[in-house]
Amino acid sequence: MTVFEELREGKPYDIRDEKYILEAHGEMDRCRHLCWEINMTDPSDKERVLELENELLGHLKKGTFLTPPFQIDIACRLFLGEGVFANHGLTVMSIGTITIEDGVMMGPEVGLFTVNHDPDEIRVIKTKEITIKKNAWIGSRVSIMPGVTIGEGAIIASGAVVTKDIPPRSMAAGIPARVIKTL
């Protein structure tokens, strides 16, 4: 079982562990380099950007587009559907696995965070999966924290910090985000 699979099943990991260093840091180094290449490529060279994005994420599905610059730390644990759009400044910490379903839209500077540290031992990490269901709309500068599911067709208002699940077809806002309207 890989470090990523063990983390997904809830196992805490000491970041000094040899297996963690080998697997997680290897993927982080690969992703950091490819993100740097993408972010440094002339945006008018769309073919080269797409080639690098496919190398980073595997084959992108139809209509999916990530606007550079962005940072993805563990691309092998990020799963994107069709027609996903992310505006510039996306930050993804996906060691705990992130699934973004078809048609999701994300504004500028969205942050998706699946990892946290044990408060009693800060070098031990724990992860929880994030899922964003079909056709959700994530506003600018939203932070989605570990373990959250955003329901299908939900809207998250700009600047929100989402710490709990948001039901389908709901609008959420604030810090921490709370449902303010049913759509």
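In the block above lies the structure referred to throughout.
These figures come from a predicted structure and were not determined experimentally.

Digging into the overall build of the protein chain
Looking only at helices and strands, the protein chain has 3 helices and 19 strands in total. Rg of the C-alpha trace for the protein chain: 16 Å, near the compact-globule value of 16 Å for 183 residues, within the 12% margin. Each principal axis of the C-alpha distribution contributes one length, and for the protein chain these read about 50 × 45 × 25 Å. Counting every position in the protein chain, which comprises 183 residues, the buried fraction comes to 41%. If you take every contact in the protein chain between residues at least 6 apart in sequence, the share linking residues at least 24 apart comes to 28%. When the accessible area of the protein chain is evaluated, it comes to approximately 9600 Å², of which 55% is carbon and sulfur surface. Of the charged side chains in the protein chain, 21 are positive and 27 negative, and the gap between their average positions amounts to 8 Å.

Focus: the sheet that holds strand β3 (residues 70-72)
Taking strand neighbours across the sheet as the criterion, the 5 strands line up as β3-β6-β9-β14-β17 in an open arrangement whose pairing is parallel. The open sheet terminates on both sides in strands that have one partner only, identified here as β3 and β17 (161-162). Relative to strand β9 (residues 111-113), strand β6 (residues 90-93) runs parallel, the two sharing 3 bridges. Looking at β9, one finds that Met 93 is bridged to Phe 113.

Topic: the sheet that holds strand β1 (residues 13-14)
Spatial strand order, β1-β11-β10: 3 strands in an open sheet with antiparallel pairing. What marks the edges here is a single partner per strand, and that holds for β1 and β10 (115-118). Bridge count between β1 and strand β11 (residues 121-127): 2 bridges; the pairing is antiparallel. Paired with Asp 14 across the strands is Val 124, a residue of β11.

Description of helix α3 (residues 46-57)
Relative to the 16 Å expected for 12 residues at 1.5 Å per residue, α3 spans 16 Å between its end C-alpha atoms, a close match to the ideal helical length. Residues of α3 that are buried: Val 49, Leu 52, Glu 53, Leu 56 and Leu 57. All buried residues of α3 lie within an arc of 115 degrees about the axis, which places them on one face of the element. Elements in contact with the buried residues of α3: α2 (18-40), β2 (65-66), β3 and β4 (78-80).

Here's the deal with the state of the cysteines
In total, this model carries 0 disulfides according to the counting rule given. Cysteine Cys 35 shares no disulfide, and the gap to the nearest cysteine sulfur, in Cys 31, comes to 6.2 Å. On the accessibility criterion, Cys 35 (0% relative accessible area) is buried. Unpaired in this structure, Cys 76 has its nearest cysteine sulfur neighbour in Cys 31, at a distance of 6.7 Å.

Some points on α2
Between the first and last C-alpha of α2 there are 32 Å, a value that for 23 residues agrees with the 33 Å anticipated at 1.5 Å per step. The inward-facing, buried residues of α2 contact α1 (3-8), β1, α3, β3 and β11. Where α2 begins, one side-chain oxygen reaches toward the backbone nitrogen of Lys 19, 2.8 Å away; that side chain belongs to Asp 17.

Here is what the cut-offs are and how they apply
- Residues numbered from 1 in each chain as written.
- Predicted model: local features only at pLDDT ≥ 70, side-chain atom pairs only at ≥ 80, totals over all residues.
- Heavy atoms only, no water.
- Helix = DSSP H or I, 4+ residues; strand = E, 2+ residues; numbered from the N terminus.
- Rg over C-alpha atoms; globule rule 2.2 N^0.38 Å.
- Buried < 20%, exposed > 50% of the residue type's maximum accessible area, 1.4 Å probe, protein only.
- Contact = heavy atoms within 4.5 Å.
- Areas by Shrake-Rupley, 256 points an atom, 1.4 Å probe, with all protein chains shown as cover.
- Lys, Arg positive; Asp, Glu negative; His and termini not counted.
- Charge placed at Lys NZ, Arg CZ, Asp CG, Glu CD.
- Pairing = 2+ DSSP bridges.
- Expected span 1.5 Å × (residues − 1).
- Arc of directions from axis to C-beta.
- Disulfide = S-S within 2.5 Å.
- Polar contact = N/O pair within 3.5 Å; in protein donor to acceptor, adjacent residues only side chain to side chain.

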